[in-house]
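Okay, here's what each chain looks like letter by letter:
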Amino acid sequence: MENALLIGLSRQMVLERQLDVTANNLANVNTNGFKSDHALFEEYLRSGAHEDNFVSRDRAVSFVQDRGTFRDDSQGAVQITNNPLDVAISGGGMLAVQTAAGERYTRDGNLHLNNLGQLVTSAGDPVLNAAGAPIVFQPTDHDVNIAADGTITVLEGTSRADSIRGKLRVVSFASAQQLLKQGGNLYAATEGAAAQVDSKSTVQQGYIEKSNVNSVTEMSNMIAISRAYQSVANILQQQSDLHKNAIEKLADVPA
């Protein structure tokens, strides 16, 4: 009976973690460029008996183990904004931005200009050009155009000739699953995931990529997780009652 209680407890711990992941997905259903997470589980076998006087080896007990999470990097829906500074990336690329903690990466293309004329994210982090420097506009710039390869051109003042303000540094990763979520819709590279210039992804001006979270699916998952947790709780209560009854009956056996 102790094994049954331990198995049930391991299942509840995993369900709690799964509920946290699902709740986080739902909380970011309207976050631009957000990629949903999903829990990974595996069976963990361990013998339930550790005495030396068993004739044969005891049967292994099957526990469930929270192995980790993986990220769904599929493309989210693209929404038109008509803001000439907004961009949506088609493909696996990410925008490189400069933060207080160093270079980070994002799929959130909701961009604007700060008081220094720098192109920044909604959080105020400067967007980097191909050389790794912030992209700066002049006060007289207008008619901003962002090409599919990320090249930014403007008309300056009364000039009819295009002036180049830089090229968006769009990068990708061979092992994108190893990127670390940093909060604020940012990702950090690791030793196993180095940034590489992405020449395959394209940029769409005047659009933003929405979250790829399916709210209906995540709500269904949350209901299923809650029911599973309650079902395990009922089983654990039954096992506890059986344990209690067994102890009470053993107490009544004459010595």
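Notes on the structure follow. As the structure is a computational prediction, the values presented were derived from the model and not from experiment. (Residues numbered from 1 in each chain as written. Predicted model: local features only at pLDDT ≥ 70, side-chain atom pairs only at ≥ 80, totals over all residues. Heavy atoms only, no water.)

1. Observations regarding the nonpolar core
Judged by nonpolar contacts, the single largest core of 17 residues is most densely connected at Val 87, Leu 95, Leu 111, Leu 119, Phe 137, Ile 152 and Leu 168. Only strand S4 (87–90), strand S5 (94–99) and strand S10 (151–156) provide two or more residues apiece to this core. The residues contacting Leu 111, other than those within four sequence positions of it, are Asn 83, Leu 85, Asp 86, Val 87, Leu 95, Leu 119, Val 120, Thr 121 and Val 127. Grouped together as the second largest cluster of nonpolar side chains are nine residues, Ala 96, Tyr 105, Val 171 and Leu 179 included. (Core = buried A, V, L, I, M, F, W, Y, C linked by side-chain atoms within 4.5 Å. Buried < 20%, exposed > 50% of the residue type's maximum accessible area, 1.4 Å probe, protein only. Helix = DSSP H or I, 4+ residues; strand = E, 2+ residues; numbered from the N terminus. Contact = heavy atoms within 4.5 Å.)

2. Side note on the sheet that holds strand S11 (residues 162–167)
Backbone hydrogen bonds are what pair the strands of a sheet, in a parallel or an antiparallel way. One open sheet accounts for three strands, arranged S9-S10-S11; its pairing is antiparallel. Looking at which strands have only one partner, the edges of the open sheet turn out to be strand S9 (141–146) and S11. Ignoring which end each strand starts from, the neighbouring axes of this sheet average 30° apart. Sheet topology note: the S9/S10 ladder contains four bridges and is antiparallel. The residue of S10 that forms the bridge with Ile 146 is Ile 152. (Pairing = 2+ DSSP bridges. Axes fitted to C-alpha atoms, helices over the stretch in contact; angles between N-to-C directions.)

3. What to know about the environment of Tyr 187
Take Tyr 187: it is sitting in strand S14 (residues 186–188). For Tyr 187, a relative accessible area of 2% gives the class buried. Ignoring anything within four residues of it in the chain, the contact list for Tyr 187 reads Lys 35, Arg 71, Met 94, Arg 104, Tyr 105, Leu 179, Leu 180, Lys 181 and Gln 182.

4. Regarding the side chain of Asn 25
Considering the arrangement of structural elements, one finds Asn 25 in helix H1 (residues 2–27). Once residues within four sequence positions are removed from consideration, Asn 25 is found in contact with Phe 34, Ser 36, Asp 37, Val 213 and Glu 218.

5. Quick word on the pattern of salt bridges
A pair can form between side chains of opposite charge whenever their charged atoms are brought close. Within this structure, the stated rule accounts for seven salt bridges. The salt bridge involving Glu 209 is made with Arg 107; its shortest N-O contact spans 2.9 Å. Taken together, the residues span a long stretch of sequence, with Glu 209 in strand S17 (residues 207–209) and Arg 107 in the loop between strand S6 (102–106) and strand S7 (112–113) at a distance of 102 residues. Among the residues examined, Glu 209 registers a relative accessible area of 1% and is labelled buried. Accessibility expressed as a relative area gives 5% for Arg 107, which makes it buried. (Salt bridge = Lys/Arg side-chain N within 4 Å of Asp/Glu carboxyl O.)

6. As for a nonpolar patch on the surface
Taken together, Leu 6, Leu 9 and Met 13 make up a surface patch of nonpolar side chains, about 300 Å² in accessible area. Residue position: Met 13 is located in helix H1. (Patch = residues over 30% accessible without salt bridge, like charges linked within 9 Å, V, L, I, M, F, W, Y side chains within 5 Å. Areas by Shrake-Rupley, 256 points an atom, 1.4 Å probe, with all protein chains shown as cover.)

7. A word on the packing of aromatic side chains
Using the criterion set out here, one finds one aromatic pair in the structure. With centroids separated by 5.1 Å and ring planes inclined at 75°, the aromatic side chains of Tyr 105 and Phe 173 adopt a geometry described as edge-to-face. In this pair, Tyr 105 sits in strand S6 while Phe 173 sits in strand S12 (residues 170–173), placing the two residues 68 residues apart along the sequence. Residue Tyr 105 shares its accessibility class with Phe 173, and that shared class is buried. (Phe/Tyr/Trp six-rings, centres within 6.5 Å; stacked < 30°, edge-to-face > 60°.)

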